[in-house]
Amino acid sequence: MAYKLEKLTVLVIEDSVPMLEVVANALKYLGVGNVLQARGGEAGYAMFVRERPDIIITDWEMDDVDGLELIRWIRNNLDSPKRTVPVIIMTGYAAASRVSAARDHGVTEFLVKPFTASELARRLTYVIEHPRDFVETEQFFGPDRRRRAAMDYQGPEKRGDDEYV
Amino acid sequence: MAKKEKYGHRDTYPRFYKADNELQQRVGTGTLDPANVSRAQEYMNSYAVDIVPQLRMYLESLNSMLDEARTVNYQREEFLPPVLKTLMNVKSDSGMFQEMMVCRISAFVLTFMEDIQKFDNDIVEILDAYLKVSKTLLDLKIRDETNPHGQSFLSEIRAACKRYYEKRAVNTGR
């Protein structure tokens, strides 16, 4: 059975016109039903509030509002219509410290440029197939940062009795 | 275990929200049509944009940063963020728009710089060599990453970075 991507609305946020165009059209070729485009973080946030997309794909380095600041707005602003929306960040950085910084800002998935259509498709389907739990503390609101299950862990379950909202 | 005991005293305690399966329910599970993925890739490969002027602008700005860095003898590390950002931009744009050889070399230098996190005279010279190589690749329209001239340029840059690591190991005992 195939995914029904035609039921999906994806917002792409990029300040480079060729990059915005290429990512948006590649998503259409993949079968995404509704692809919204915004040039830059500020316009992107306004469109997110207005259109309430299912998934956001944003560039990291943008001149007006960068990707990490945009994610902070999405996760924390009072007018954010869906604080748990999956956000895929695109960037040419690939160092572990960058991935870690993105994760600490509430990014859902990381897509390293340059990428292929297949890699884009994989990230998209991953966020659909693996929705993440969210954590809220005084300093952080975002996807649960624990990704790996240590199968041989024998110690106490630190969060075993946590109550979910 | 009581929250106070687990997290210490706080005004507020962490709250956990269960994953939302709404997208999965709407879109379903399964596979992506491989024909769609191929069509998307064909589109990406054939997207017609001349990215070279943009790449030259990035390289020119890197050149200006290096000129400025040569006049500064202290706190050169402040040059690192803009230099890394420029390298990242060259790597991303060249790779997304079929300038694969420039992408390959930029990716290598970016990884090296992110690892080293230094901006001394030797680094300035390595970046200068990277600049010359990238401009030459664009001038000669060498796009394919298997091109032998491109490969030999990449080997030169690799060797320079290796010498830097060796010199640093001697100087720092690492």
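First, a word on scope: everything that follows refers to the structure included in this document.

Conventions we followed
Residues numbered from 1 in each chain as written. Chains lettered and ligands numbered in written order. Predicted model: local features only at pLDDT ≥ 70, side-chain atom pairs only at ≥ 80, totals over all residues. Pairing = 2+ DSSP bridges. Helix = DSSP H or I, 4+ residues; strand = E, 2+ residues; numbered from the N terminus. Axes fitted to C-alpha atoms, helices over the stretch in contact; angles between N-to-C directions. Buried ≥ 20, exposed ≤ 12 C-beta atoms within 10 Å, placed from the backbone. Contact = placed C-beta atoms within 7 Å. Nonpolar A, V, L, I, M, F, W, Y, C, P; charged D, E, K, R; others polar.

1. Comments concerning the sheet that holds strand β3 (residues 55-59) of chain A
Residue and element names in this part refer to chain A. The strand order across the open sheet built from five strands is β2-β1-β3-β4-β5, with neighbouring strands paired in parallel fashion. Pairing within the sheet leaves two strands with one partner each, and these edge strands are β2 (34-38) and β5 (109-112). Ignoring strand direction, the axes of neighbouring strands in this sheet form an average angle of 20 degrees. Both β3 and strand β4 (residues 87-91) contribute to a ladder of four bridges, which runs parallel. Paired with Ile-57 across the strands is Ile-88, a residue of β4.

2. Notes on the environment of Asp-128 of chain B
Residue and element names in this part refer to chain B. Along the polypeptide, Asp-128 turns up in helix α7 (residues 121-139). Among the residues examined, Asp-128 registers 15 C-beta atoms within 10 Å and is labelled partly exposed. In this structure, the C-alpha to C-alpha distance between Asp-128 and Leu-66, residues 62 residues apart in sequence, is 7.5 Å.

3. A short note on the interface of chain B and chain A
With 40 residues of chain B in contact, the opposing surface of chain A contributes 42 residues. Its residues assigned to classes, the side of chain B that touches chain A comprises 19 nonpolar, 12 polar and nine charged. Both strand β6 (residues 134-136) of chain A and strand β1 (residues 15-17) of chain B contribute to a ladder of three bridges, which runs antiparallel. Paired with Glu-136 of chain A across the strands is Arg-15 of chain B, a residue of β1 of chain B.

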